[in-house]
Amino acid sequence: MKLSRDNYEAYLIDYLDGQLSPLQVAELLLFLEQNPDIKSEFEGIEEFSINDNSDTQYPHKDLLKKNAFSTPINASTIEYFLIRKIENDLSYDDQAQFEKYLQQNKSAQSELITFEKTILKPDMAIVFPEKNSLKREAKIIPLFYRIASVAAIFLLLVSSPYFFNWLTNNNRETEQVASNQIKTTPKLDFNENKNTNSTNSTSVVPESNKTMINKQKAVKSTIRNSIQKIDLQPTFAQTNSNKDSLTNQIVNQIAAQVPQKEQSKEFNMADNASREEVVPDVPSETPHYLSLKDIAEKKIKDLSKDNLEELNAKGTKKHKSISAWDFAAIAAKLVGKISGNSIKLQNKYNSEGELTQYAIVSNNFEFSKGK
Amino acid sequence: MTVKEFNSCVDLYADSLYRFILKNVKDIDTAKDIVQDTYEKLWLKISDVPSTNAKSYMFTAAYRTMIDKLRRDTKQTPLHDSHTQSLTSKNTFNDLKEVLNEALAKLPEIQRSVILLRDYEGYNYAEIGEITALTESQVKVYIYRARVFLKEYIGSLDAIM
(Lines give C-alpha, C1' and ligand atoms only; values in the text may rest on other atoms or scores of the structure.)
Protein backbone atom coordinates (compact mmCIF):
# COMPACT_ATOMS: atom_id res chain seq x y z
CA MET A 1 0.00 0.00 0.00
CA LYS A 2 1.53 3.27 -1.13
CA LEU A 3 1.46 6.11 1.35
CA SER A 4 -0.89 8.93 0.33
CA ARG A 5 -3.07 11.64 1.84
CA ASP A 6 -5.91 9.10 1.92
CA ASN A 7 -4.24 6.54 4.13
CA TYR A 8 -1.55 8.41 6.03
CA GLU A 9 -3.52 8.13 9.38
CA ALA A 10 -2.97 4.39 9.50
CA TYR A 11 0.76 4.90 8.88
CA LEU A 12 0.94 7.49 11.65
CA ILE A 13 -0.80 5.21 14.15
CA ASP A 14 1.52 2.35 13.24
CA TYR A 15 4.47 4.71 13.57
CA LEU A 16 3.39 5.75 17.07
CA ASP A 17 2.93 2.10 18.00
CA GLY A 18 6.37 1.23 16.58
CA GLN A 19 4.89 -1.10 14.00
CA LEU A 20 6.57 0.41 10.91
CA SER A 21 9.70 -0.97 9.31
CA PRO A 22 12.68 1.40 8.82
CA LEU A 23 11.83 1.71 5.16
CA GLN A 24 8.25 2.67 5.96
CA VAL A 25 9.47 5.16 8.59
CA ALA A 26 11.70 6.81 6.00
CA GLU A 27 8.81 6.90 3.58
CA LEU A 28 6.53 8.45 6.23
CA LEU A 29 9.08 11.12 7.17
CA LEU A 30 9.51 12.02 3.54
CA PHE A 31 5.73 12.23 3.16
CA LEU A 32 5.48 14.56 6.14
CA GLU A 33 8.16 16.82 4.71
CA GLN A 34 6.20 17.04 1.50
CA ASN A 35 2.97 17.80 3.38
CA PRO A 36 3.64 20.41 6.06
CA ASP A 37 -0.03 20.59 7.22
CA ILE A 38 -0.03 16.90 8.07
CA LYS A 39 3.34 17.21 9.73
CA SER A 40 2.03 19.89 12.11
CA GLU A 41 -1.00 17.74 12.90
CA PHE A 42 1.20 14.76 13.61
CA GLU A 43 3.44 16.76 15.94
CA GLY A 44 0.35 17.75 17.98
CA ILE A 45 -0.67 14.13 18.37
CA GLU A 46 2.79 13.08 19.44
CA GLU A 47 2.62 15.38 22.47
CA PHE A 48 -0.46 13.58 23.86
CA SER A 49 0.81 10.09 24.14
CA ILE A 50 -0.69 8.32 27.18
CA ASN A 51 1.58 7.00 29.87
CA ASP A 52 0.60 3.96 31.91
CA ASN A 53 1.08 5.77 35.26
CA SER A 54 2.60 2.69 36.72
CA ASP A 55 3.34 4.48 39.95
CA THR A 56 -0.41 4.84 40.81
CA GLN A 57 -1.46 2.14 43.24
CA TYR A 58 -4.64 1.05 44.96
CA PRO A 59 -4.24 2.07 48.61
CA HIS A 60 -5.81 -0.89 50.38
CA LYS A 61 -4.76 -3.81 48.30
CA ASP A 62 -4.26 -5.99 51.34
CA LEU A 63 -7.88 -5.56 52.35
CA LEU A 64 -9.05 -7.10 49.08
CA LYS A 65 -7.13 -10.27 49.59
CA LYS A 66 -8.87 -13.31 51.00
CA ASN A 67 -6.45 -15.04 53.29
CA ALA A 68 -6.84 -17.86 55.65
CA PHE A 69 -5.00 -15.74 58.15
CA SER A 70 -6.10 -12.33 59.39
CA THR A 71 -4.96 -9.17 57.61
CA PRO A 72 -1.83 -7.76 59.19
CA ILE A 73 -2.23 -4.42 60.97
CA ASN A 74 0.10 -1.71 59.76
CA ALA A 75 0.00 2.00 58.97
CA SER A 76 -1.89 1.44 55.71
CA THR A 77 -4.55 -0.83 57.22
CA ILE A 78 -5.03 0.73 60.63
CA GLU A 79 -7.89 2.94 59.49
CA TYR A 80 -9.79 -0.10 58.34
CA PHE A 81 -9.24 -1.80 61.69
CA LEU A 82 -10.24 1.29 63.61
CA ILE A 83 -13.53 1.42 61.79
CA ARG A 84 -14.09 -2.28 62.29
CA LYS A 85 -13.38 -1.72 65.96
CA ILE A 86 -16.07 0.93 66.38
CA GLU A 87 -18.41 -1.15 64.25
CA ASN A 88 -17.83 -4.14 66.56
CA ASP A 89 -16.83 -6.06 63.48
CA LEU A 90 -13.44 -7.42 64.59
CA SER A 91 -12.98 -11.14 64.81
CA TYR A 92 -11.42 -12.68 67.89
CA ASP A 93 -7.98 -12.95 66.23
CA ASP A 94 -8.17 -9.45 64.79
CA GLN A 95 -9.25 -8.08 68.15
CA ALA A 96 -6.13 -9.43 69.85
CA GLN A 97 -3.87 -8.20 67.08
CA PHE A 98 -5.55 -4.79 67.13
CA GLU A 99 -5.23 -4.38 70.90
CA LYS A 100 -1.56 -5.18 70.70
CA TYR A 101 -1.00 -2.67 67.90
CA LEU A 102 -2.98 -0.01 69.72
CA GLN A 103 -0.89 -0.30 72.85
CA GLN A 104 2.24 0.28 70.84
CA ASN A 105 0.92 3.14 68.73
CA LYS A 106 -0.35 6.35 70.36
CA SER A 107 -1.42 7.93 67.08
CA ALA A 108 -3.70 4.96 66.51
CA GLN A 109 -5.23 5.56 69.95
CA SER A 110 -5.92 9.15 69.03
CA GLU A 111 -7.40 8.05 65.71
CA LEU A 112 -9.66 5.60 67.53
CA ILE A 113 -11.02 8.35 69.76
CA THR A 114 -11.75 10.46 66.71
CA PHE A 115 -13.51 7.59 64.99
CA GLU A 116 -15.59 6.95 68.09
CA LYS A 117 -16.80 10.51 67.78
CA THR A 118 -18.28 9.73 64.40
CA ILE A 119 -20.88 7.45 65.87
CA LEU A 120 -24.16 9.25 65.47
CA LYS A 121 -26.65 9.41 68.29
CA PRO A 122 -30.30 10.09 67.60
CA ASP A 123 -31.81 13.23 69.02
CA MET A 124 -34.60 11.80 71.12
CA ALA A 125 -36.19 15.21 71.36
CA ILE A 126 -37.23 14.85 67.75
CA VAL A 127 -40.54 13.04 67.73
CA PHE A 128 -43.23 12.63 65.17
CA PRO A 129 -45.78 15.29 66.11
CA GLU A 130 -48.96 13.70 64.81
CA LYS A 131 -48.58 10.15 65.97
CA ASN A 132 -52.24 9.71 66.83
CA SER A 133 -53.24 10.58 63.31
CA LEU A 134 -51.39 7.48 62.13
CA LYS A 135 -53.34 5.14 64.37
CA ARG A 136 -56.35 3.23 63.16
CA GLU A 137 -59.46 2.07 64.91
CA ALA A 138 -60.61 -1.47 64.62
CA LYS A 139 -63.85 -1.75 62.70
CA ILE A 140 -66.16 -4.04 64.65
CA ILE A 141 -69.16 -5.06 62.61
CA PRO A 142 -71.96 -6.36 64.86
CA LEU A 143 -73.21 -9.80 64.00
CA PHE A 144 -76.77 -8.67 63.37
CA TYR A 145 -75.53 -6.19 60.75
CA ARG A 146 -73.93 -9.08 58.92
CA ILE A 147 -77.13 -11.09 59.16
CA ALA A 148 -79.17 -8.10 58.08
CA SER A 149 -76.89 -7.57 55.10
CA VAL A 150 -77.24 -11.16 54.03
CA ALA A 151 -81.00 -11.08 54.51
CA ALA A 152 -81.34 -7.82 52.59
CA ILE A 153 -79.35 -9.19 49.67
CA PHE A 154 -81.38 -12.38 49.74
CA LEU A 155 -84.66 -10.48 49.73
CA LEU A 156 -83.45 -8.25 46.95
CA LEU A 157 -82.48 -11.21 44.84
CA VAL A 158 -85.70 -13.05 45.50
CA SER A 159 -88.00 -10.08 45.05
CA SER A 160 -86.41 -8.49 42.00
CA PRO A 161 -87.93 -10.92 39.43
CA TYR A 162 -91.36 -10.50 41.05
CA PHE A 163 -90.95 -6.77 41.06
CA PHE A 164 -90.07 -6.60 37.38
CA ASN A 165 -92.85 -9.01 36.50
CA TRP A 166 -95.24 -6.94 38.53
CA LEU A 167 -94.22 -3.80 36.70
CA THR A 168 -94.49 -5.51 33.31
CA ASN A 169 -97.87 -7.01 34.10
CA ASN A 170 -99.11 -3.73 35.45
CA ASN A 171 -98.31 -2.01 32.19
CA ARG A 172 -99.86 -4.77 30.09
CA GLU A 173 -102.89 -4.91 32.29
CA THR A 174 -103.39 -1.18 32.14
CA GLU A 175 -103.19 -1.22 28.38
CA GLN A 176 -105.52 -4.18 28.14
CA VAL A 177 -108.13 -2.77 30.49
CA ALA A 178 -107.94 0.56 28.73
CA SER A 179 -108.60 -1.06 25.36
CA ASN A 180 -111.37 -3.14 26.85
CA GLN A 181 -112.87 -0.02 28.34
CA ILE A 182 -113.09 1.49 24.88
CA LYS A 183 -114.66 -1.67 23.49
CA THR A 184 -116.93 -2.50 26.41
CA THR A 185 -119.81 -0.06 26.36
CA PRO A 186 -120.74 -0.09 22.65
CA LYS A 187 -120.15 -3.85 22.41
CA LEU A 188 -122.31 -4.60 25.36
CA ASP A 189 -125.07 -2.44 24.02
CA PHE A 190 -124.68 -3.97 20.62
CA ASN A 191 -124.57 -7.47 21.98
CA GLU A 192 -127.54 -6.85 24.16
CA ASN A 193 -129.54 -5.61 21.24
CA LYS A 194 -128.25 -8.37 19.08
CA ASN A 195 -129.04 -10.97 21.65
CA THR A 196 -132.41 -9.48 22.27
CA ASN A 197 -133.12 -9.36 18.59
CA SER A 198 -131.88 -12.83 18.06
CA THR A 199 -133.93 -14.03 21.00
CA ASN A 200 -136.99 -12.31 19.72
CA SER A 201 -136.53 -13.26 16.10
CA THR A 202 -135.62 -16.89 16.57
CA SER A 203 -138.37 -18.99 17.90
CA VAL A 204 -136.65 -22.30 17.27
CA VAL A 205 -134.05 -22.16 19.97
CA PRO A 206 -133.88 -25.32 22.09
CA GLU A 207 -134.79 -25.09 25.78
CA SER A 208 -131.32 -26.01 26.96
CA ASN A 209 -129.79 -23.29 24.84
CA LYS A 210 -132.32 -20.79 26.10
CA THR A 211 -131.32 -21.50 29.65
CA MET A 212 -127.69 -21.13 28.74
CA ILE A 213 -128.31 -17.83 26.97
CA ASN A 214 -130.23 -16.48 29.93
CA LYS A 215 -127.42 -17.36 32.28
CA GLN A 216 -124.95 -15.77 29.93
CA LYS A 217 -127.04 -12.64 29.90
CA ALA A 218 -127.09 -12.59 33.65
CA VAL A 219 -123.30 -12.77 33.76
CA LYS A 220 -122.92 -10.00 31.19
CA SER A 221 -125.39 -7.85 33.04
CA THR A 222 -123.43 -8.33 36.27
CA ILE A 223 -120.20 -7.36 34.54
CA ARG A 224 -121.77 -4.33 32.88
CA ASN A 225 -123.24 -3.14 36.15
CA SER A 226 -119.97 -3.58 37.94
CA ILE A 227 -118.13 -1.54 35.33
CA GLN A 228 -120.73 1.18 35.44
CA LYS A 229 -120.48 1.34 39.22
CA ILE A 230 -116.77 1.94 38.98
CA ASP A 231 -117.31 5.40 37.51
CA LEU A 232 -114.15 5.27 35.52
CA GLN A 233 -114.16 8.51 33.60
CA PRO A 234 -112.09 7.01 30.81
CA THR A 235 -109.76 9.83 29.95
CA PHE A 236 -106.81 7.95 28.61
CA ALA A 237 -104.41 10.80 29.01
CA GLN A 238 -104.18 9.85 32.64
CA THR A 239 -100.87 9.50 34.36
CA ASN A 240 -99.33 6.15 35.06
CA SER A 241 -100.28 6.27 38.72
CA ASN A 242 -103.88 6.93 37.79
CA LYS A 243 -103.68 4.05 35.38
CA ASP A 244 -102.49 1.77 38.13
CA SER A 245 -105.25 2.90 40.42
CA LEU A 246 -107.77 2.48 37.65
CA THR A 247 -106.48 -0.98 36.93
CA ASN A 248 -106.69 -2.02 40.54
CA GLN A 249 -110.21 -0.73 40.86
CA ILE A 250 -111.41 -2.55 37.78
CA VAL A 251 -109.72 -5.79 38.64
CA ASN A 252 -110.75 -5.83 42.26
CA GLN A 253 -114.34 -4.85 41.74
CA ILE A 254 -114.93 -7.19 38.83
CA ALA A 255 -113.29 -10.02 40.69
CA ALA A 256 -115.44 -9.31 43.73
CA GLN A 257 -118.74 -9.12 41.91
CA VAL A 258 -118.48 -11.89 39.34
CA PRO A 259 -119.08 -15.36 40.75
CA GLN A 260 -116.05 -17.33 39.64
CA LYS A 261 -117.61 -20.77 39.39
CA GLU A 262 -120.59 -19.53 37.45
CA GLN A 263 -118.38 -17.49 35.21
CA SER A 264 -116.15 -20.37 34.21
CA LYS A 265 -119.04 -22.75 33.85
CA GLU A 266 -120.91 -20.40 31.58
CA PHE A 267 -118.03 -19.71 29.33
CA ASN A 268 -117.26 -23.36 28.97
CA MET A 269 -120.75 -23.97 27.82
CA ALA A 270 -121.01 -20.91 25.58
CA ASP A 271 -120.71 -21.27 21.88
CA ASN A 272 -117.80 -19.85 19.93
CA ALA A 273 -119.62 -16.84 18.64
CA SER A 274 -120.78 -15.59 22.01
CA ARG A 275 -117.36 -16.39 23.53
CA GLU A 276 -115.63 -14.14 21.08
CA GLU A 277 -117.84 -11.29 22.12
CA VAL A 278 -117.57 -11.82 25.84
CA VAL A 279 -113.96 -12.87 26.19
CA PRO A 280 -112.42 -9.40 26.19
CA ASP A 281 -114.71 -8.24 28.97
CA VAL A 282 -114.06 -11.07 31.40
CA PRO A 283 -110.90 -10.88 33.54
CA SER A 284 -110.67 -14.63 34.03
CA GLU A 285 -110.16 -15.10 30.31
CA THR A 286 -107.26 -12.62 30.14
CA PRO A 287 -103.76 -14.08 30.10
CA HIS A 288 -102.49 -15.00 33.54
CA TYR A 289 -100.12 -12.05 33.82
CA LEU A 290 -101.87 -11.04 37.00
CA SER A 291 -100.99 -14.14 38.88
CA LEU A 292 -97.56 -12.97 40.08
CA LYS A 293 -98.90 -9.61 41.01
CA ASP A 294 -101.81 -11.20 42.81
CA ILE A 295 -99.43 -13.40 44.75
CA ALA A 296 -97.21 -10.47 45.63
CA GLU A 297 -100.17 -8.31 46.58
CA LYS A 298 -101.62 -11.02 48.74
CA LYS A 299 -98.34 -11.53 50.56
CA ILE A 300 -97.79 -7.84 51.06
CA LYS A 301 -101.35 -7.32 52.22
CA ASP A 302 -100.95 -10.13 54.71
CA LEU A 303 -97.74 -8.65 56.00
CA SER A 304 -99.20 -5.16 56.25
CA LYS A 305 -102.39 -6.45 57.84
CA ASP A 306 -101.66 -4.64 61.06
CA ASN A 307 -101.37 -1.32 59.30
CA LEU A 308 -104.59 -1.79 57.41
CA GLU A 309 -106.38 -2.84 60.55
CA GLU A 310 -105.03 0.23 62.21
CA LEU A 311 -106.46 2.34 59.42
CA ASN A 312 -109.82 0.61 59.71
CA ALA A 313 -109.82 1.05 63.45
CA LYS A 314 -109.38 4.75 62.96
CA GLY A 315 -112.33 4.84 60.64
CA THR A 316 -110.43 6.02 57.63
CA LYS A 317 -111.88 5.70 54.22
CA LYS A 318 -108.56 5.19 52.55
CA HIS A 319 -108.57 2.51 49.91
CA LYS A 320 -106.68 -0.67 50.65
CA SER A 321 -104.25 -0.51 47.81
CA ILE A 322 -100.63 -1.15 48.68
CA SER A 323 -98.63 1.98 49.30
CA ALA A 324 -95.00 2.79 49.96
CA TRP A 325 -95.93 3.02 53.61
CA ASP A 326 -96.89 -0.64 53.63
CA PHE A 327 -93.52 -1.54 52.16
CA ALA A 328 -91.80 0.63 54.77
CA ALA A 329 -93.75 -1.07 57.54
CA ILE A 330 -92.77 -4.48 56.24
CA ALA A 331 -89.13 -3.45 55.93
CA ALA A 332 -89.19 -2.10 59.49
CA LYS A 333 -90.62 -5.38 60.73
CA LEU A 334 -87.99 -7.36 58.92
CA VAL A 335 -85.14 -5.19 60.18
CA GLY A 336 -86.57 -5.39 63.68
CA LYS A 337 -86.75 -9.16 63.54
CA ILE A 338 -83.24 -9.49 62.12
CA SER A 339 -81.59 -7.05 64.50
CA GLY A 340 -83.59 -8.16 67.53
CA ASN A 341 -84.83 -4.63 68.17
CA SER A 342 -88.39 -3.48 68.24
CA ILE A 343 -88.79 -1.13 65.30
CA LYS A 344 -92.23 0.26 64.61
CA LEU A 345 -93.75 2.78 62.27
CA GLN A 346 -96.34 4.94 63.98
CA ASN A 347 -98.78 7.25 62.24
CA LYS A 348 -101.08 10.01 63.42
CA TYR A 349 -104.22 10.85 61.49
CA ASN A 350 -106.60 13.75 61.65
CA SER A 351 -110.38 13.43 61.92
CA GLU A 352 -110.64 13.04 58.14
CA GLY A 353 -108.31 10.12 58.19
CA GLU A 354 -105.40 11.94 56.54
CA LEU A 355 -101.89 11.20 57.70
CA THR A 356 -100.51 14.12 59.68
CA GLN A 357 -97.36 12.68 61.23
CA TYR A 358 -95.28 9.55 60.90
CA ALA A 359 -92.54 8.21 63.11
CA ILE A 360 -89.98 5.41 63.29
CA VAL A 361 -89.64 4.23 66.88
CA SER A 362 -86.95 1.87 68.12
CA ASN A 363 -85.36 1.00 71.44
CA ASN A 364 -82.44 3.31 70.79
CA PHE A 365 -83.85 6.10 68.68
CA GLU A 366 -87.02 7.81 67.53
CA PHE A 367 -87.52 9.78 64.36
CA SER A 368 -90.70 11.60 63.44
CA LYS A 369 -91.77 13.97 60.75
CA GLY A 370 -94.96 15.94 60.25
CA LYS A 371 -96.67 16.06 56.93
CA MET B 1 -50.81 -8.02 61.67
CA THR B 2 -53.77 -6.84 63.72
CA VAL B 3 -54.96 -3.27 64.10
CA LYS B 4 -53.63 -3.33 67.64
CA GLU B 5 -50.20 -4.36 66.41
CA PHE B 6 -50.36 -1.68 63.74
CA ASN B 7 -51.03 0.96 66.37
CA SER B 8 -48.24 -0.48 68.45
CA CYS B 9 -45.94 0.00 65.45
CA VAL B 10 -46.94 3.65 65.43
CA ASP B 11 -45.91 4.00 69.05
CA LEU B 12 -42.69 2.09 68.61
CA TYR B 13 -41.34 3.23 65.28
CA ALA B 14 -42.95 6.50 64.19
CA ASP B 15 -40.39 8.65 65.99
CA SER B 16 -37.34 6.73 64.84
CA LEU B 17 -38.65 6.61 61.30
CA TYR B 18 -39.32 10.34 61.43
CA ARG B 19 -35.81 11.07 62.73
CA PHE B 20 -34.25 8.90 60.05
CA ILE B 21 -36.17 10.60 57.28
CA LEU B 22 -35.76 14.07 58.71
CA LYS B 23 -31.99 13.68 58.88
CA ASN B 24 -31.98 12.74 55.25
CA VAL B 25 -34.44 15.17 53.73
CA LYS B 26 -33.89 18.02 56.18
CA ASP B 27 -37.45 19.21 55.73
CA ILE B 28 -40.09 18.69 58.41
CA ASP B 29 -43.10 18.64 56.12
CA THR B 30 -41.48 16.27 53.67
CA ALA B 31 -40.44 13.98 56.52
CA LYS B 32 -43.98 13.99 57.90
CA ASP B 33 -45.40 13.20 54.50
CA ILE B 34 -43.04 10.29 54.02
CA VAL B 35 -43.83 8.86 57.46
CA GLN B 36 -47.56 9.14 56.83
CA ASP B 37 -47.15 7.62 53.40
CA THR B 38 -45.16 4.77 54.90
CA TYR B 39 -47.80 3.96 57.48
CA GLU B 40 -50.45 4.16 54.78
CA LYS B 41 -48.51 1.57 52.80
CA LEU B 42 -48.21 -0.60 55.88
CA TRP B 43 -51.95 -0.31 56.48
CA LEU B 44 -52.67 -1.45 52.95
CA LYS B 45 -50.39 -4.45 53.47
CA ILE B 46 -51.53 -5.12 57.01
CA SER B 47 -52.65 -8.63 56.20
CA ASP B 48 -49.39 -9.48 54.43
CA VAL B 49 -46.77 -7.99 56.77
CA PRO B 50 -46.21 -9.86 60.02
CA SER B 51 -45.64 -7.67 63.03
CA THR B 52 -42.11 -9.02 63.44
CA ASN B 53 -41.15 -7.62 60.04
CA ALA B 54 -43.04 -4.39 60.37
CA LYS B 55 -40.06 -2.24 61.31
CA SER B 56 -37.93 -3.49 58.46
CA TYR B 57 -40.85 -3.11 56.05
CA MET B 58 -41.46 0.45 57.14
CA PHE B 59 -37.83 1.54 56.93
CA THR B 60 -37.56 -0.04 53.51
CA ALA B 61 -40.74 1.63 52.29
CA ALA B 62 -39.74 4.96 53.83
CA TYR B 63 -36.24 4.81 52.40
CA ARG B 64 -37.50 4.08 48.90
CA THR B 65 -40.15 6.77 49.10
CA MET B 66 -37.51 9.18 50.30
CA ILE B 67 -35.10 8.27 47.49
CA ASP B 68 -37.81 8.74 44.91
CA LYS B 69 -38.65 12.10 46.39
CA LEU B 70 -35.05 13.23 46.68
CA ARG B 71 -34.27 12.22 43.14
CA ARG B 72 -37.35 13.96 41.92
CA ASP B 73 -37.07 17.15 43.92
CA THR B 74 -33.45 17.86 44.60
CA LYS B 75 -30.15 17.76 42.85
CA GLN B 76 -27.48 15.80 44.63
CA THR B 77 -24.30 17.60 45.60
CA PRO B 78 -21.23 15.85 44.18
CA LEU B 79 -18.98 14.26 46.78
CA HIS B 80 -15.83 16.17 45.87
CA ASP B 81 -17.68 19.47 46.37
CA SER B 82 -18.86 18.31 49.78
CA HIS B 83 -15.35 17.44 50.79
CA THR B 84 -13.99 20.79 49.67
CA GLN B 85 -16.63 22.74 51.53
CA SER B 86 -16.37 20.63 54.64
CA LEU B 87 -12.65 20.87 54.96
CA THR B 88 -12.67 24.64 54.69
CA SER B 89 -15.43 25.19 57.22
CA LYS B 90 -14.86 22.54 59.82
CA ASN B 91 -13.19 24.78 62.38
CA THR B 92 -16.09 27.19 62.60
CA PHE B 93 -18.03 24.81 64.82
CA ASN B 94 -17.55 24.41 68.52
CA ASP B 95 -20.03 21.72 69.27
CA LEU B 96 -19.39 18.14 68.16
CA LYS B 97 -23.06 17.53 67.54
CA GLU B 98 -23.29 20.50 65.21
CA VAL B 99 -20.15 19.39 63.41
CA LEU B 100 -21.50 15.91 62.94
CA ASN B 101 -24.86 17.15 61.75
CA GLU B 102 -23.14 19.41 59.28
CA ALA B 103 -20.89 16.60 58.14
CA LEU B 104 -23.83 14.24 57.87
CA ALA B 105 -25.68 16.69 55.68
CA LYS B 106 -22.71 16.79 53.33
CA LEU B 107 -22.50 13.06 52.92
CA PRO B 108 -23.78 11.53 49.73
CA GLU B 109 -27.32 10.32 50.20
CA ILE B 110 -26.53 6.62 50.19
CA GLN B 111 -23.69 6.96 52.70
CA ARG B 112 -25.88 9.09 54.93
CA SER B 113 -28.67 6.55 54.84
CA VAL B 114 -26.55 3.54 55.65
CA ILE B 115 -24.73 5.22 58.50
CA LEU B 116 -27.99 6.52 59.96
CA LEU B 117 -29.51 3.07 59.78
CA ARG B 118 -26.42 1.70 61.39
CA ASP B 119 -26.04 4.23 64.18
CA TYR B 120 -29.61 5.28 64.83
CA GLU B 121 -31.34 1.95 64.46
CA GLY B 122 -28.52 -0.51 65.00
CA TYR B 123 -29.29 -2.51 61.89
CA ASN B 124 -26.67 -5.01 60.81
CA TYR B 125 -25.12 -4.91 57.37
CA ALA B 126 -27.49 -7.47 55.92
CA GLU B 127 -30.56 -5.61 57.17
CA ILE B 128 -29.25 -2.33 55.83
CA GLY B 129 -28.60 -4.09 52.55
CA GLU B 130 -32.22 -5.24 52.43
CA ILE B 131 -33.54 -1.79 53.16
CA THR B 132 -31.31 0.02 50.72
CA ALA B 133 -31.19 -2.72 48.08
CA LEU B 134 -27.42 -3.06 48.40
CA THR B 135 -25.19 -6.04 48.96
CA GLU B 136 -23.65 -6.49 52.35
CA SER B 137 -20.23 -5.65 50.93
CA GLN B 138 -21.53 -2.45 49.40
CA VAL B 139 -23.03 -1.47 52.74
CA LYS B 140 -19.67 -2.03 54.43
CA VAL B 141 -17.90 0.06 51.82
CA TYR B 142 -20.36 2.94 52.18
CA ILE B 143 -20.15 2.84 55.95
CA TYR B 144 -16.38 2.80 55.75
CA ARG B 145 -16.33 5.81 53.43
CA ALA B 146 -18.84 7.66 55.56
CA ARG B 147 -16.79 7.08 58.72
CA VAL B 148 -13.65 8.29 57.05
CA PHE B 149 -15.41 11.35 55.75
CA LEU B 150 -16.91 12.17 59.15
CA LYS B 151 -13.55 11.68 60.83
CA GLU B 152 -11.86 14.00 58.38
CA TYR B 153 -14.66 16.50 58.79
CA ILE B 154 -14.54 16.75 62.53
CA GLY B 155 -10.75 16.83 62.43
CA SER B 156 -8.68 16.19 65.42
CA LEU B 157 -10.27 16.07 68.86
CA ASP B 158 -8.19 19.05 69.99
CA ALA B 159 -9.49 21.26 67.20
CA ILE B 160 -13.11 20.52 68.20
CA MET B 161 -12.80 20.74 71.97
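For the structure itself, consult the block above.
These remarks concern the structure in this document. (Residues numbered from 1 in each chain as written. Chains lettered and ligands numbered in written order. Predicted model: local features only at pLDDT ≥ 70, side-chain atom pairs only at ≥ 80, totals over all residues. Heavy atoms only, no water.)

**Quick word on the overall build of chain B**
The number of helices and strands found in chain B is 9 helices and 0 strands. Along chain B, helices (α) and strands (β) appear in the sequence α-α-α-α-α-α-α-α-α when read from the amino end. Sequence separation of 24 or more characterises 69% of the internal contacts of chain B that already satisfy a separation of 6 or more. (Helix = DSSP H or I, 4+ residues; strand = E, 2+ residues; numbered from the N terminus. Contact = heavy atoms within 4.5 Å.)

**A word on the overall build of chain A**
Counting its regular elements, chain A contains 16 helices and 3 strands. Going through the 371 residues of chain A one by one, you find that 28% of them count as buried. For chain A, the proportion of contacts with a sequence separation of at least 24, taken over those separated by at least 6, is 47%. As displayed, chain A offers around 25,500 Å² of accessible surface, 55% of which is attributable to carbon and sulfur atoms. (Buried < 20%, exposed > 50% of the residue type's maximum accessible area, 1.4 Å probe, protein only. Areas by Shrake-Rupley, 256 points an atom, 1.4 Å probe, with all protein chains shown as cover.)

**A word on the packing of helix 1 (residues 3-25) of chain B against helix 2 (residues 28-44) of chain B**
Residues and elements named next belong to chain B. Here helix 1 crosses helix 2 at 145°, and the two axes come no closer than 9 Å. Between helix 1 and helix 2 the crossing geometry is right-handed. Contacts between helix 1 and helix 2 involve V3, F6, C9, V10, Y13, A14, L17, Y18, I21, L22 and V25 on the former and, on the latter, I28, T30, A31, K32, I34, V35, T38, Y39, L42 and W43. A class-by-class count of the residues in the contact of helix 1 with helix 2 yields 18 nonpolar, 2 polar and 1 charged. (Axes fitted to C-alpha atoms, helices over the stretch in contact; angles between N-to-C directions. Left-handed = near helix turned anticlockwise from the far one by under 90°. Nonpolar A, V, L, I, M, F, W, Y, C, P; charged D, E, K, R; others polar.)

**Structural notes on the side chain of A:N7**
Inspection of the secondary structure assignment puts A:N7 in the segment before helix 1 (8-16). In contact with A:N7, not counting residues within four places along its chain, are A:M1 and A:K2.

**A look at unusual backbone geometry**
Backbone geometry at A:N88 places phi at a positive 55°, although glycine is not the residue there. Overall, A:N88 belongs to the exposed group, its relative accessible area being 70%.

**Quick word on helix 5 (residues 96-106) of chain B**
Within helix 5 of chain B, the full set of buried residues consists of B:V99, B:L100, B:A103, B:L104 and B:K106. Projected down its long axis, helix 5 of chain B carries its buried residues within an arc of 160°, all on one side. (Arc of directions from axis to C-beta.)

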